[in-house]
Every structure is written in structure tokens, then in C-alpha cells.
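# Close look at the chain arrangement
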Amino acid sequence: ILRLLSESQGNILDDEELIQTLDSSKKTSAEVNARVTIAESTNAEIEISCRRYVPVATRGSILYFVIADLANIDPMYQFS
């Protein structure tokens, strides 16, 4: 686009190639913006789903470390 603008002579509205390139860029920009909007909504859904698992992960990690530390209380728990 910048090359076409710099090489354009006279009225830029008469340059068909430049107008077609700008129109193509406009369509591409609209498609990208639509995809970004979809990606943002998908990201929000993923974030909500991840937040649901935080309490489970916290309880799981507490349970793991409690069981792992049982061997410090009594060696019998080391292999069970």
C-alpha cells in the first residue's frame, strides 16, 4: 500500500490498482477484527472454565502434600 501511494502520480482516486489494494486491505482488516472478537470471547470462556478448577486443584495439592508428609509422622506410611 505504501509503495503504491508513493508511486502514485496525479489524483490517487484514478489509480485503480491502489483502490483495489485498499479495498482488499479493508476486507482483510474486517476479517481480522472479526476473528479477534471471536478469539477474545473464546479466551473469556476458557478463563471462566479454568477458574472453576482452581478449588479442585487447591484441594488436590493439599491432599497430595498431606499424604506425602505422612511418612514424617510414622515410617509405616512411607510405602502404603
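Residues numbered from 1 in each chain as written. Predicted model: local features only at pLDDT ≥ 70, side-chain atom pairs only at ≥ 80, totals over all residues. Heavy atoms only, no water.

Attention now goes to the overall build of the chain. When its secondary structure is counted, the chain shows two helices and zero strands. Scaling as 2.2 N^0.38, a compact globule of 80 residues should have a C-alpha radius of gyration of about 12 Å, whereas the chain reaches 30 Å, well beyond that. Its C-alpha atoms put the chain at 90 × 20 × 15 Å along the principal axes. Here the chain holds 80 residues, and 4% of them are scored as buried. (Helix = DSSP H or I, 4+ residues; strand = E, 2+ residues; numbered from the N terminus. Rg over C-alpha atoms; globule rule 2.2 N^0.38 Å. Buried < 20%, exposed > 50% of the residue type's maximum accessible area, 1.4 Å probe, protein only.)

Once that is clear, we can look at helix α2 (residues 16-73). Under the 1.5 Å per step criterion, the end-to-end length of α2 is 83 Å for 58 residues, consistent within 8% with the ideal 86 Å. Its maximal kink placed at Val-54, α2 deviates by approximately 30°, while the proline Pro-55 follows within four residues. (Expected span 1.5 Å × (residues − 1). Bend = angle between axes of the 7 residues up to and from the residue.)

Within the secondary structure layout, Met-76 lies in the segment after α2. Judged by relative accessible area, which is 53%, Met-76 ranks as exposed. Taking the C-alpha atoms as reference points, Met-76 and Ser-29, separated by 47 residues in sequence, lie 66 Å from one another.

What follows concerns the environment of Val-32. Along the chain, the position of Val-32 falls in helix α2. On a C-alpha basis, the gap between Val-32 and Gly-60 in space is 41 Å, while along the polypeptide they are 28 residues apart.

Quick look at a nonpolar patch on the surface now. Together, Ile-1, Leu-2, Leu-5, Ile-12, Leu-13, Ile-19 and Leu-22 give the surface a local cluster of nonpolar side chains, amounting to about 650 Å² of exposed area. For the nonpolar patch, the elements supplying multiple residues, two or more each, are α1 (2-7) and α2. For Leu-5, the location among the structural elements is in helix α1. (Patch = residues over 30% accessible without salt bridge, like charges linked within 9 Å, V, L, I, M, F, W, Y side chains within 5 Å. Areas by Shrake-Rupley, 256 points an atom, 1.4 Å probe, with all protein chains shown as cover. Salt bridge = Lys/Arg side-chain N within 4 Å of Asp/Glu carboxyl O.)

In this structure the tally under the stated criterion is one aromatic pair. On the numbers, 5.0 Å between centres and 80° between planes, the contact of Tyr-64 with Phe-65 is edge-to-face. For Tyr-64, a relative accessible area of 54% translates into the label exposed. (Phe/Tyr/Trp six-rings, centres within 6.5 Å; stacked < 30°, edge-to-face > 60°.)

What follows is about the pattern of salt bridges. Under the counting rule described, the total for this entry stands at two salt bridges. Here Lys-27 and Asp-23 are joined by a salt bridge, their closest N and O atoms 3.5 Å apart. Placement of the pair is Lys-27 and Asp-23 together in helix α2, with a separation of four residues, close to one helical turn. For Asp-23, a relative accessible area of 37% translates into the label partly exposed. Arg-51 is the salt-bridge partner of Glu-47, the closest N and O atoms lying 3.8 Å from each other. Taken as a pair, Glu-47 and Arg-51 lie in helix α2 at a separation of four residues, close to a single helical turn.

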